[in-house]
Each structure stands twice: as C-alpha cells, then as structure tokens.
Amino acid sequence: MKELATLSEIYLYPVKSLPGIKLEKALTTKFGLAHPENSLVVDRKWMIVDTNGSFRTQRQIPKMALIKISVQEDFLIFSVPQKNPLKVPIENPNKNKINYRLWKCRIDGYGYGGEVSKWLSEFLEVDGLDLAVFNENLDPIKSQDLEESTTTRETDVVIYQDFSPFMLIGEESLEELNKRLEIKVPMNRFRPNFVSKNNSAFSEDEWEKFKIGESEFCRIKHCTRCLLTTVDQNKGVKDPKQEPLKTLRELS
C-alpha cells in the first residue's frame, strides 16, 4: 500500500550555509527553488568565500548560523544581533567575474567586495571574506562532477549546492531521531527544502519519484550528513558531543 504523504513546510536558502526563509509557496527551477515574489532569488545562488576563492560554511564558521536572511524588493537583507543590517543588491553591480572553488569543482561567480565584504568579515571575525553570486549567463556545475552517483543525469545541475538542487526530509524521520537523542534537535539542523508529513519514518529514503503540485521530482542520491548538523542554529556554536551526527551514524 502506497503512503500518501503531504507537504508541510518549504524552505529557501538564498545564501549557502546561512539560515533559510520559510515560505508558503515557491517556484521551481532547474537550479532549485526560487522566491515567489522575486524569481531572481534562487536557492544557494550566493555563497560566502575566503581570500583564496574557496567556499566557507558553518562547518568552519558556525557563527554564520546567526545571519538571518530576508528579501525586500531588490535586496537581500542580512540581519544579526547588535549590528546594522546589510542590504545586498540582488543584481550585483560588480561585473568582475571570479573563478571559485566548490569542493573539487570550479565555478564562476561575481564577488561584491566593498561594504559587503567588510560587513561579513567584521561580524564573522574572519579577514577577507566576500559574497559571491551566480549569474544565469555562467555555467553551472553538473551534479555528477561533484560526486559519483548512478542515478544522476547529464541535465542535473546545481549552482552552489553540494550535490542536488532540492532536498526533502519527513517530519516522522526527525521524530524518530529525536527519540534517541538526549537533547532534541529541530528541523533547521538539516536544511531541507521540503518537509513531508504523514509518511513513516525514513520512508522518504526509498521514494524514487514524487510530485508536489505540478512539479515532478526524482531521487538522485541520499543526502550525506555532515558536521553542519551539529551547529545550534540559535547560538551559532557546535555541539561538543557532535550530536545529532553521532547518533545518525549509529542509525545508518
């Protein structure tokens, strides 16, 4: 008997490894979700980079979890405690193309520099940080170039995601994990785009195809969990016991 799961939550992450925006609806593109009020705001279209042009995430800088993102007309707004918000133009006026490193791949983007770089470096306490943005006239990365998978297709591409333009988790899977944890963790530790409910725990791992509205999706890979799941998204610090990653390893 087939389970009839329903969609309970939608999240868009404009900037790689920064907190997401919870949405009631979203647009789907080949690069991932797009904001319904501004289709130029696409999932992981931006990423924070260091002086060597390498991407940075909460794995290295857990304090990134404290930067809240919102969309206001033609700007991304970066908000943090006790600091004036940063207004980032969605369309970067700087057209100086730079080649960046994302895992073992290279991908082009446009760095903002100036006040954006200064604001990020000051708040995150790391010199030389900048924000890079992808433009539709650039070449994306093929998923199969990031990591081998028998189910990826030549047309599966990403911008600054780790592997796939979409990720889904079931509410019941998190509930099952939390039964085994001393301190329960919220869904934001796992950064899904879609959250399902009314399906049994971890059953979404076996879905080869599913449909949300008029959009059809297929599984290309199970998401490998990493140290980012150990970062408390409200405090911007890693769990000293490396939970829930330690318990997840025992489940696999």
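That block above? That's the structure.
## Description of the overall build of the chain
Helices and strands together make up the secondary structure of the chain, namely four helices and 21 strands. For the chain, whose C-alpha radius of gyration is 18 Å, the value lies close to the compact-globule estimate of 18 Å for 252 residues. Taking the principal axes of its C-alpha atoms as reference, the chain extends roughly 55 × 40 × 35 Å. Intrachain contacts of the chain at a sequence separation of at least 6 include 61% that bridge at least 24 residues. Total accessible area on the chain stands at roughly 13500 Å², and carbon and sulfur atoms take up 48% of it. Treating the 37 positive side-chain charges of the chain as one cloud and the 38 negative ones as another, the clouds have centres 2 Å apart.

## Considering the packing of aromatic side chains
Both the distance between ring centres and the angle between the ring planes are used here to describe each pair of aromatic rings. Taken as a whole, this structure holds eleven aromatic pairs when the rule is applied. Sitting over the ring of Phe-163, Lys-221 keeps its end group 5.6 Å from the ring centre.

## Some details on the sheet that holds strand S11 (residues 97-102)
Strand order in the open sheet formed by five strands is S7-S6-S13-S12-S11, with antiparallel pairing between adjacent strands. Pairing within the sheet leaves two strands with one partner each, and these edge strands are strand S7 (55-56) and S11. Pairing between strand S6 (residues 46-49) and S7: two bridges, direction antiparallel. Considered in S7, the bridge of Val-49 is made with Phe-55.

## Some thoughts on the environment of Gly-236
Residue position: Gly-236 is located in the loop between strand S20 (231-232) and strand S21 (237-238). Once the C-alpha coordinates of Gly-236 and Met-64 are considered, the two residues, 172 residues apart in sequence, prove to be 6.8 Å apart. Filtering out sequence-adjacent residues up to four positions away, Gly-236 remains in contact with Pro-62, Lys-63, Ala-65, Leu-66 and Val-231.

## Looking at helix H1 (residues 114-124)
Inspection of H1 places Val-116, Ser-117, Trp-119, Leu-120, Ser-121, Phe-123 and Leu-124 among the buried residues, and these make up the whole buried set. Considering only its buried residues, H1 is in contact with S6, strand S9 (75-80), strand S10 (83-89) and strand S13 (130-133). The positive-phi residue at the C-terminal boundary of H1 is Glu-125, with phi of around 60°.

## Concerning the side chain of Ser-173
Relative to the helices and strands, Ser-173 is located in helix H3 (residues 171-178). There is a polar contact of 2.6 Å between the side chain of Ser-173 and the side chain of Glu-204. If sequence neighbours within four positions are ignored, Ser-173 has contacts with Ala-201, Phe-202 and Glu-204.

## As for the layout of surface pockets
Within this model, the second largest pocket holds a volume of roughly 390 Å³. For the second largest pocket, the lining is made up of 21 residues, of which Ile-183, Val-185, Arg-189, Asp-239 and Glu-243 are closest to its centre. Taken together, the residues that form the lining of the second largest pocket break down as six nonpolar, five polar and ten charged.

## Side note on unusual backbone geometry
Following Glu-243, the chain continues into Pro-244 via a peptide bond in cis, with omega recorded as 10°. Within the secondary structure, Pro-244 sits in the loop between S21 and helix H4 (245-251). With a phi close to 75°, Ser-17 is a non-glycine residue in the positive phi region. The residue Ser-17 is located in the loop between strand S1 (6-12) and strand S2 (21-23) in this model. On the basis of relative accessible area, Ser-17 is assigned to the buried category, the value being 4%. Within the chain, Asn-198 stands out as a residue other than glycine whose phi angle is a positive 70°. Here Asn-198 shows up in the loop between strand S17 (194-197) and strand S18 (209-212).

Conventions we followed
Residues numbered from 1 in each chain as written. Predicted model: local features only at pLDDT ≥ 70, side-chain atom pairs only at ≥ 80, totals over all residues. Heavy atoms only, no water. Helix = DSSP H or I, 4+ residues; strand = E, 2+ residues; numbered from the N terminus. Rg over C-alpha atoms; globule rule 2.2 N^0.38 Å. Contact = heavy atoms within 4.5 Å. Areas by Shrake-Rupley, 256 points an atom, 1.4 Å probe, with all protein chains shown as cover. Lys, Arg positive; Asp, Glu negative; His and termini not counted. Charge placed at Lys NZ, Arg CZ, Asp CG, Glu CD. Phe/Tyr/Trp six-rings, centres within 6.5 Å; stacked < 30°, edge-to-face > 60°. Lys NZ or Arg CZ within 6 Å of the ring centre and 35° of its normal. Pairing = 2+ DSSP bridges. Buried < 20%, exposed > 50% of the residue type's maximum accessible area, 1.4 Å probe, protein only. Polar contact = N/O pair within 3.5 Å; in protein donor to acceptor, adjacent residues only side chain to side chain. 1 Å grid on protein atoms, 1.4 Å probe; cavity = no way out; pocket = protein on both sides within 12 Å on 5 of 7 lines; lining within 4 Å. Points joined across faces, edges and corners; volume = space filled by probe spheres on them. Nonpolar A, V, L, I, M, F, W, Y, C, P; charged D, E, K, R; others polar.

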